[in-house]
Amino acid sequence: MTTATTPSELEDYWEQLDCGFPRVKPVFADCMREALATLSGQGVEAYISNARFLGKMGRGAEPILIFLEEWPTVASRLGEEALPAIMECIRRMTKSPNGNAITPFLQSLPVTARRLQSPQQLRDYLDIVLDFMERTTGSIHGIHQTFPSPGLPEFFKKIPLLLGQLSLEGLKNWVEYGVRYYNDHPDRQIDYFSLQSADSRAVLQRERHGTLLVDNERRLDMYLRGLWHDEGQLIPYSGAFDELRKPIPYYDKLGIRLPDMYDDFIRPSPAGGREGERLPAGEIVVSGLDRYRAVLAHIAGHRRWTTAIFADNFAPFQRMAVEFLEDSRVEYLAMRVYPGLRRIFMALHPTPAEDACDPELESGVRHRLTMLSRAILDSRHPYKNPHVVEFAQRFHMLMQQGDMSTPEIAELAVSFVAKARRQSDQLAKMHFKDTVVDYRDDNRQMWKFIEEGDEEEAFDEPRKVEPGEKITGLPPRHYHEWDYNSQSYRPDWVSVYESLHPSGNAAGIDRLLAKHGALAKRLKKMLDLLKPQDKVRIRYQEDGSELDLDVALRSLIDYQSGATPDPRINMSHKTSGRNIAVLLLLDLSESLNEKAAGCDQTILELSQEAVSLLAWAIEKLGDPFAIAGFHSNTRHDVRYLHIKGYSERWDDQIKGRLAAMEASYSTRMGAAMRHAAHYLEKQQADKKLMLILTDGEPSDIDSKDGRLLIEDARQAVKELDRQGIYTYCINLDHKADEYVADIFGKQYTIIDRVAQLPEELPTLFLSLTK
């Protein structure tokens, strides 16, 4: 972590960026502060240099803006080491005709990071992308790449949906189908990768199976914390990219590594080797979620009961035997704590046939150890091997005498290897069928070494954190935006920057309130009628506003008679009948600087008067309320300005912010409403009211489709309604009938004569909340 708080230091970074796009300058300082708070010193240098590259590659301002806003968040999820692979992918796009795919690729990066969650997963995903690009980019006579991949930009647009339903292996298979069958049909390729064609959706459905770790991470984390009193970051990996050496679960100081997807475990054969318990074909024995629970239970058992021992003292076969028996020991102890685990372990543990290994042709060490592990788990095992039976019985007798320890289990394992050893154990070919217990980890944490070497877990050393002060300030919040054309959300599409509104002269607001003294008197009469009158007595309080005589006398009698007196001798009162929280959201776009029709004042000045009167009225009622303003300069720069918070009083400080209100830029209403709801929904109130004061329709300079932001605001109203927030619009545009009903339904009022706003706004509020 590094820090730079002075304007001159930020200006130095701006000069290093060497960017000529006017749209980048307004947001650069906020992005840089977040980067300095998130990234290391070396990471900041890479952040600036790669942003400079994106700004100079000839694709406009969009790539550099996306990168500046999103990379600190992505780096916090995937680590800074993921950046070189991402930039290499972008460079390969720039050297090919696929430059048009760079922007959608960067736009999809935040949701990709959320779904993949590890650098290795990201590298596997980038391998899919690059292979896809190479195979679908057209060329003349097979020599030079000339035509861009038709489906690549569509693929990136659908990545949020695809990664929400597929594992990386499923994604790879889905892409492979589209590339193989539609490589020579550009239009059909676009339909496939945009999920428009029937076979695209059919293949997606076919590959959509199993339980995804990313969708159950919170549930598994609570399982680990609640049942095992353990915790650790769950990091996914994919088994589709290493066919030769299949990865298996393991844990280290950085987290617990688990497969990104588990299928439901189906076994049509007899469960646990018992006769008469044959399951119907296709019956699910263990769900994918329970398979994750089995892995976590096994790992949690190791972390609780296993102690590391020196590996240098054991031969390879002995180490294998120690690992098998230590796995059995921690499972035995885990089942003692939670007996329900036995069903899952027995279903997942293989039951190798006793005669499956031919000792004349292959080594049977793993085969015998797996049989021993099964015999320890299942007392009704089918094995007759005298060594397996003997050591299974010895294991249970020793565990009944005490929990044993890792060194003690190592002695038992070495004895088994010595007693069951055969000459054929040295054969190069080893028997592997039905010997893999896939819910067990690789046991790397149970070994330590006298001499450091490649086998050691060198990466477990504590990571050094660079010194530096923590930067104060809020990073941008990213919100989705509704695309009515595709009927889906664009994830992390809008960046909202929030800050306190600058302060001004509070005396100006006092003059406005004095100007409307007659109106204030009329409002006060209405307020007195609206104030809740019915009070409820709350008894049995240790601290209260007055003494509860009945309880006090009873406590005195108890004290005099030697009994313990009740200390709750006070009572208090609360007002019942009104429980409302309000948020007033002000549109501060450029059009507020225009003069109001038939008036010498601007719309902004009239809005200040109206909001001042409304705030005064709400303060008199005692309702918790907040005031905020917003404006936007493209989706990359939506400004949310706090004027009054719920915990602040209506005083000169708030009046000063209100007096300093200025209007500029555009109106991206949906993003501002979603951000305002972030604060309003946390209020403890029966009714939550959001009042939006605006003088025009939602719009922004980067939105060419006039309906796009209107539909997004409409969708935002629906989202807020599901959160229990009632939205109401006060619109000052005399043409608002054309769009405001589409957004707010019947929840709006149009004030044609803006000069009447100071009188109508407080009155409207009182009518809404009475």
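**A word on the domain arrangement of the protein chain**
And then number 1: Once the domains are mapped, the protein chain shows domain 1 (7–207), domain 2 (211–269 + 283–448), domain 3 (506–529 + 578–769) and domain 4 (535–575).
And then number 2: Distance between the C-alpha centres of domain 1 and domain 2: 40 Å.
And then number 3: Taken together, the contact between domain 1 and domain 2 spans 16 residues of the former and 13 residues of the latter.
And then number 4: Around 1,200 Å² of area is buried between domain 1 and domain 2 when both sides are counted, 55% of it from carbon and sulfur atoms.
And then number 5: At the boundary of domain 1 and domain 2, one finds 1 salt bridge.
And then number 6: Residue Asp215 pairs with Arg115 through a salt bridge whose shortest N-O separation is 2.9 Å.
And then number 7: Linking domain 1 to domain 2 there are 5 residue pairs in polar contact (both at pLDDT 80 or more).
And then number 8: Of all the secondary structure elements, the ones that give two or more residues to the side of domain 1 that touches domain 2 are α7 (109–116), α8 (119–136) and α10 (168–182).
And then number 9: Grouping the amino acids of the side of domain 1 that touches domain 2 by side-chain chemistry returns 5 nonpolar, 6 polar and 5 charged.

**A few points about the nonpolar core**
And then number 1: Within the largest apolar cluster, 70 residues are counted, with the highest numbers of intra-cluster contacts made by Tyr47, Trp71, Phe105, Tyr125, Phe155, Leu171 and Trp174.
And then number 2: Examining the composition of this core, we find that 9 residues originate from one element, helix α4 (residues 62–78), more than from any other.
And then number 3: Beyond its immediate stretch of four places on either side in the chain, Phe155 contacts Tyr125, Val129, Phe132, Leu162, Leu171, Trp174, Val175 and Phe193.
And then number 4: Leu234, Ile299, Leu377 and Leu412 belong to the second largest nonpolar core, which has 68 residues in total.

**As for the packing of aromatic side chains**
And then number 1: For the structure shown, the criterion picks out 22 aromatic pairs.
And then number 2: Each ring, one from Phe345 and one from Tyr439, has its centre 5.0 Å from the other, and the planes form 20 degrees; the classification is stacked. You can see Phe345 sitting in helix α16 (residues 341–348) and its partner Tyr439 sitting in the loop between α19 (406–420) and β11 (447–448), a full 94 residues away along the chain. One exposure class covers both Phe345 and Tyr439, and it is buried.
And then number 3: Through a chain of ring-to-ring contacts, three or more aromatic side chains come together here, namely Phe105, Phe132, Phe155, Phe156, Trp174, Tyr177, Tyr181, Tyr182, Tyr192 and Phe193.
And then number 4: The ring of Phe53 carries Arg91 above its face, with NZ or CZ at 4.5 Å from the centroid.
And then number 5: Lying across the ring of Trp493, Arg490 places its NZ or CZ 4.6 Å from the centre.

**A short note on the side chain of Gln601**
And then number 1: Within the secondary structure, Gln601 sits in the loop between β17 (580–587) and α23 (603–621).
And then number 2: Within the structure, Gln601 has its side chain in polar contact with the side chain of Glu609 (distance 2.7 Å).

**Things to note about empty space enclosed by the protein**
And then number 1: Within this structure, the stated rule accounts for 5 cavities of 30 Å³ or more.
And then number 2: Roughly 120 Å³ of volume is contained in the largest cavity.
And then number 3: What lines the largest cavity is a set of 13 residues, among which Arg115, Gln121, Leu166, Val214 and Asp260 lie closest to the centre.
And then number 4: Those elements that place two or more of their residues in the lining of the largest cavity are α7 and α13 (213–228).
And then number 5: When the residues that make up the lining of the largest cavity are grouped by side-chain class, the tally is 8 nonpolar, 3 polar and 2 charged.
And then number 6: When residues are assigned to domains, the lining of the largest cavity turns out to be shared by domain 1 (7–207) and domain 2 (211–269 + 283–448), each giving three or more.

**Thoughts on the state of the cysteines**
And then number 1: Evaluated as defined, the whole model comprises 0 disulfides.
And then number 2: Between Cys19, a free cysteine, and Cys31, which holds the nearest cysteine sulfur, the sulfur-to-sulfur gap is 11 Å.
And then number 3: By relative accessible area, which is 13% here, Cys19 ends up buried.

**Observations concerning helix α2 (residues 25–38)**
Because each turn of an α-helix spans 3.6 residues, side chains separated by three or four positions end up pointing in the same direction.
And then number 1: In this model α2 runs 20 Å from its N-terminal to its C-terminal C-alpha over 14 residues, within 8% of the 20 Å that 1.5 Å per residue would give.
And then number 2: Among the residues of α2, Val27, Phe28, Asp30, Cys31, Met32, Glu34, Ala35 and Leu36 are the ones counted as buried.
And then number 3: Taken together, the buried residues of α2 touch α1 (7–17), α3 (41–55), α4, β13 (488–500) and β19 (638–644).

**Here's the deal with the environment of Gly210**
And then number 1: Position of Gly210 relative to the elements: it lies in the loop between α12 (198–207) and β3 (211–212).
And then number 2: The sequence separation of Gly210 and Gln165 amounts to 45 residues, and the corresponding C-alpha distance is 9.6 Å.
And then number 3: Discounting residues that sit within four places of it in the chain, Gly210 has contacts with Met261, Tyr262 and Asp263.

**A look at the pairing of strand β20 (residues 687–694)**
And then number 1: Of all 8 residues in β20, 7 are buried, a share of seventy percent or more.
And then number 2: The pairing of β17 with β20 spans 7 bridges and is parallel. Bridging from a neighbouring strand, Leu585 pairs with Ile692 of β20.
And then number 3: As paired strands, β20 and strand β21 (residues 725–731) are joined by 7 bridges and run parallel to one another. Across the sheet, Leu691 pairs through a bridge with Tyr728, a residue of β21.

Here is what the cut-offs are and how they apply
- Residues numbered from 1 in each chain as written.
- Predicted model: local features only at pLDDT ≥ 70, side-chain atom pairs only at ≥ 80, totals over all residues.
- Heavy atoms only, no water.
- Domains from an automatic or database assignment.
- Contact = heavy atoms within 4.5 Å.
- Buried area = accessible area lost by both parts, 1.4 Å probe.
- Salt bridge = Lys/Arg side-chain N within 4 Å of Asp/Glu carboxyl O.
- Polar contact = N/O pair within 3.5 Å; in protein donor to acceptor, adjacent residues only side chain to side chain.
- Helix = DSSP H or I, 4+ residues; strand = E, 2+ residues; numbered from the N terminus.
- Nonpolar A, V, L, I, M, F, W, Y, C, P; charged D, E, K, R; others polar.
- Core = buried A, V, L, I, M, F, W, Y, C linked by side-chain atoms within 4.5 Å.
- Buried < 20%, exposed > 50% of the residue type's maximum accessible area, 1.4 Å probe, protein only.
- Phe/Tyr/Trp six-rings, centres within 6.5 Å; stacked < 30°, edge-to-face > 60°.
- Lys NZ or Arg CZ within 6 Å of the ring centre and 35° of its normal.
- 1 Å grid on protein atoms, 1.4 Å probe; cavity = no way out; pocket = protein on both sides within 12 Å on 5 of 7 lines; lining within 4 Å.
- Points joined across faces, edges and corners; volume = space filled by probe spheres on them.
- Disulfide = S-S within 2.5 Å.
- Expected span 1.5 Å × (residues − 1).
- Pairing = 2+ DSSP bridges.

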